[in-house]
Structure formats: C-alpha cells, structure tokens
Amino acid sequence: EYEKYLASGEEGVADDLYTLNLYEMSFYYAGNTFLREKNYEKAYEYFTKFEKLGRSDTPTDCRFQYNYANTANQLDKDAEPLALYQKCIDIDCNKDACYFAIAQIHRKNDNVEKMMSVVTYGLDSLGQAGNRYYSRFLLLYQIQELKDATEVMKKAQDFAQKASGADINTYLTNMNQAVKYYEEVIPMYEKVMKYPGVDDKTNANYSKAKSGIEVCKSSIE
C-alpha cells in the first residue's frame, strides 16, 4: 500500500519523507516479525531488502545488524554471517555474542585453529567482567584442549597396558613409550587449567585435567 501511494504521483508525495520512512521501515518490521516466528527464510528476505535500501543509519543500527547476522547464521550461510558479525563488532554491538557465534561457526566447519583463536581472544581480550559469554568461551576452550590431551593420554595408557604382565624387555620397551606420552600430556592438561572454572561444567573440566596430571606423574614414577 505504501508503494502504491509513493508511486501515485499525487501532489506532495515526493516531499512526504514521513511516509517514505514508514515504507522503508516496513521491511525492517517485517523481518523482525518473521524472525520472532522463526521463519528465517522470510526474515532474511526482508532484512536483505531493507539493507539494499541504502539508508544512512543502517550500517550503525546495532539491532538490525545483529538480527540480520543471526538470521543468516540460522540459514547456515557461514561466510555471510561471519561478515555480518564482524560489522557488529566494528560498531561495538554485542561483541561478546558475536565473537562466540563466530567461534561456533568455525567449530561447526571443523576449523579448530580459527575457533581456538577466537575463543582465546574472547577469554583474554574480552575478559570476564561484562562478558556474558565468558563461561561459554571457557567451556569451548576446555573441551578442545581436553580432547587433544585425551588422545595422547590414550596412547600412554595403551602402551602401559601392553607392558602389563609382559617379560622384562617387553615391559621396559612399552613403559618407555608410555612414559614419553605421559610426559607429553602433562603440559596439555596444564593448558586446560590455564583458566579457573567459573561454573559446574568448567570446574569439572578443571578437576578432570588436574586428576589427569596426577595420574601421569604417578604412572611415570
């Protein structure tokens, strides 16, 4: 209906900035309505139309940019939400949430190096104060570090198992290998413990790493 009016050619229409603004904002409102209904395809369609209007306030509109990024992310577009989340970060809009979303996208794509780079930035540079996603960053960090440590720990335990009940030469050969892996995994567990836990899950992972170190040292002895 706004389009009919704006294209009518009636006197005064060209100067009716109030109605023009309502027309443009209708795309924004439509996008938000579809987003609330979790109709991400339609929300994305209308957010894209709104952006293409080229309004001067769109690049710095935190709510729009963040909703647009989340909508694109729901549709698994990956490259686009990464760029949109970066726009939010550039205008200091929900930085903690945006960095966490970026980390999750990298995790989903099995890009561990990029994920850990973003996660450590979230822990070290964003800090804990005022960072609503600190515990989530920490959990992602711990899960990945524990995963790497567990793989090495399993190798150590496999060699220790092979040594059990064997003759002395076989025992020494396998236990020497086990000790190498036990020594290798200790600093990996220490990396898990770089940041103290802040809730039940992260405290449990911290304790798991601490117990792992104790097992390694005992096994080496």
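What you are looking at is a predicted structure, and each value in this text was computed from that prediction instead of being measured. (Residues numbered from 1 in each chain as written. Predicted model: local features only at pLDDT ≥ 70, side-chain atom pairs only at ≥ 80, totals over all residues. Heavy atoms only, no water.)

(A) Representation of the packing of aromatic side chains. Counting across every chain of the model gives 16 aromatic pairs. When the ring of Tyr 28 is compared with that of Tyr 29, the centres are 6.3 Å apart and the planes differ by 10 degrees; the resulting orientation is stacked. Three or more aromatic residues link up through ring pairs in this structure, and these residues are Tyr 28, Tyr 29, Tyr 44, Phe 47, Phe 50, Phe 64 and Tyr 68. In this structure, Lys 77 packs its charged tip against the face of Tyr 44, placed 4.5 Å from the ring centre. When the ring centre of Phe 159 is taken as origin, the NZ or CZ atom of Lys 162, which lies over that ring, is 4.8 Å away. (Phe/Tyr/Trp six-rings, centres within 6.5 Å; stacked < 30°, edge-to-face > 60°. Lys NZ or Arg CZ within 6 Å of the ring centre and 35° of its normal.)

(B) Fine view of the nonpolar core. Core analysis: the largest hydrophobic core is formed by 39 residues, its most contacted members being Phe 47, Tyr 66, Tyr 85, Val 119, Leu 123, Phe 137 and Tyr 141. Going through the elements one at a time, helix H2 (17-36), helix H3 (40-52), helix H4 (62-74), helix H5 (79-90), helix H6 (95-108), helix H7 (112-124) and helix H8 (134-163) are the ones with two or more residues in this core. A per-element tally of this core places H6 first, with 8 residues. In this structure, Val 152, Ala 163, Met 193 and Ile 213 belong to the second largest nonpolar core, which totals 18 residues. (Core = buried A, V, L, I, M, F, W, Y, C linked by side-chain atoms within 4.5 Å. Buried < 20%, exposed > 50% of the residue type's maximum accessible area, 1.4 Å probe, protein only. Helix = DSSP H or I, 4+ residues; strand = E, 2+ residues; numbered from the N terminus.)

(C) Structural context of H5. Its 12 residues place the ends of H5 17 Å apart at the C-alpha level, agreeing with the 16 Å of an ideal helix rising 1.5 Å per residue. Buried within H5 are the following residues: Pro 81, Leu 84, Tyr 85, Cys 88 and Ile 89. Along H5, the residues classed as buried sweep out an arc of 150 degrees about the axis, all on the same side. Residues Ala 79 and Asp 90 are exposed on H5 and point more than 90 degrees away from its buried face. Against H4 and H6 lie the buried residues of H5. Just past H5, the residue Asp 92 takes up positive phi, approximately 60 degrees. (Expected span 1.5 Å × (residues − 1). Arc of directions from axis to C-beta. Contact = heavy atoms within 4.5 Å.)

(D) Spatial organisation of the packing of helix H9 (residues 168-192) against helix H10 (residues 200-220). Two elements in contact, H9 and H10, have axes whose closest approach is 9 Å; the angle formed by their N-to-C orientations is 155 degrees. Our classification of the angle between H9 and H10 gives roughly antiparallel. The two elements H9 and H10 cross, and the hand of that crossing is left-handed. Of H10, the residues touching H9 (which contributes Met 175, Val 179, Tyr 182, Glu 183, Val 185, Ile 186, Tyr 189, Glu 190 and Val 192) are Asn 205, Ala 209, Gly 212, Ile 213, Cys 216, Lys 217, Ser 219 and Ile 220. (Axes fitted to C-alpha atoms, helices over the stretch in contact; angles between N-to-C directions. Parallel < 35°, antiparallel > 145°, perpendicular 65-115°, else oblique. Left-handed = near helix turned anticlockwise from the far one by under 90°.)

(E) Spatial organisation of the side chain of Asp 61. The topology assignment puts Asp 61 in the loop between H3 and H4. One buried charge, Asp 61, has no salt-bridge partner; the nearest side chain with opposite charge is Arg 55, at 6.9 Å. Of the polar contacts made by the side chain of Asp 61, one reaches the backbone nitrogen of Arg 63; its length is 3.3 Å. In this structure, Asp 61 is in contact with Tyr 28 and Ile 91, ignoring residues within four places of it in sequence. (Lys, Arg positive; Asp, Glu negative; His and termini not counted. Salt bridge = Lys/Arg side-chain N within 4 Å of Asp/Glu carboxyl O. Polar contact = N/O pair within 3.5 Å; in protein donor to acceptor, adjacent residues only side chain to side chain.)

(F) Inspection of the environment of Ser 219 at higher detail. You can see Ser 219 is positioned in helix H10. Among the residues examined, Ser 219 registers a relative accessible area of 26% and is labelled partly exposed. Distance from Ser 219 to Pro 81, taken between C-alpha atoms, is 47 Å for residues 138 residues apart in sequence. Beyond its immediate sequence surroundings of up to four residues, Ser 219 is in contact with Met 175 and Tyr 182.

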